[in-house]
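Commentary on secondary and tertiary structure
Spelled out, the chains give:
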Amino acid sequence: MAAATARGVLFVHSAPRALAPHIEWAAGRALDRAVNFDWSDQPVLKGSLRAEFFWEGAPGTGAVLASALRGWEHLRFEVTEDAGFGADGGRWLHTPDLGIFFAQTDTVGNVVIPEDRVRYAMEVAGSNALELHRELRLALGQAWDDELEAFRHASDTSQVVWLHKVG
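Figured I'd write up the structure that's included with this text. (Residues numbered from 1 in each chain as written. Predicted model: local features only at pLDDT ≥ 70, side-chain atom pairs only at ≥ 80, totals over all residues. Heavy atoms only, no water.)

**Overview of the packing of helix α1 (residues 20-31) against helix α2 (residues 61-69)**
What counts is decided by this rule: Each axis is a line fitted through C-alpha atoms, taken for helices only over the stretch in contact, and angles between the N-to-C directions span 0 to 180 degrees. In this text, helices come from DSSP runs of H or I with a minimum length of four residues, and strands from runs of E with a minimum of two, each type numbered from the N-terminal end. Handedness of a crossing follows from how the near helix is turned relative to the far one, being left-handed for an anticlockwise turn of less than a right angle and right-handed for a clockwise one. Contacts are assigned to residue pairs with any non-hydrogen atoms lying within 4.5 Å of each other. Asp, Glu, Lys and Arg are counted as charged, while Ala, Val, Leu, Ile, Met, Phe, Trp, Tyr, Cys and Pro are counted as nonpolar; the rest, among them Gly, fall into the polar class.
Between α1 and α2, the shortest axis-to-axis distance is 9 Å and the interhelical angle comes to 150 degrees. Classified by chirality, the crossing of α2 by α1 is right-handed. From α1, Ile-23, Ala-26, Ala-27, Ala-30 and Leu-31 reach across to α2, where they touch Thr-61, Val-64, Leu-65, Ala-68 and Leu-69. Here the residues of the contact of α1 with α2 sort into nine nonpolar, one polar and no charged.

This is the structure in structure tokens:
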């Protein structure tokens, strides 16, 4: 019987140039093999780089990658691990200001909020709908998504062309 394999993506959204070889070394150590990233400039933050790296490894490798990189000053990253047969997926987000966030994901990448976390949010909020909204946004990692969104789309080169009918 073959060993289970997990796969995912490491998105380095922004890193200082000097940190790039250290990130590759840490990721390689987590993956137990040497890696080289295809770095490009991160236009959102002058002087920083970005990279995407598709990885394969044992289930739980996403957590190992995130642990190897978390807490590094000036580093923004995201690690995904796809759900597999009998295994949940995961998503780890890190920003210098917010630290690390983890969420379980389903087979199509949706964040899954466990029942106990939903019950906690309802208990804390009571009848205050705004507080419930705040608690659920926290459970979804909304603050991390908000901070990383500009960095995620910085490499989008597609331009919208509006066509107008004249006449």
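**A closer look at the pairing of strand β1 (residues 6-16)**
What counts, and what does not: Partly exposed residues are those whose accessible area sits between 20% and 50% of the maximum for their type, while under 20% is buried and over 50% is exposed, using a 1.4 Å probe and protein chains only. Here, any two strands with at least 2 DSSP bridges between them count as paired.
With eight of eleven residues buried, β1 is to be regarded as a mostly interior element. Judged from the six bridges that link them, β1 and strand β4 (residues 76-81) form a sheet pairing that is antiparallel. Its bridge partner lying in β4, Ser-14 is registered against Arg-76.

**Digging into the environment of Gly-141**
Secondary-structure assignment places Gly-141 in the loop between α4 (129-140) and α5 (142-152). Measuring from C-alpha to C-alpha, the distance between Gly-141 and Trp-92 comes to 9.7 Å, with 49 residues separating the pair along the chain. Not counting residues up to four positions away in its chain, the partners in contact with Gly-141 are Leu-93 and Phe-101.

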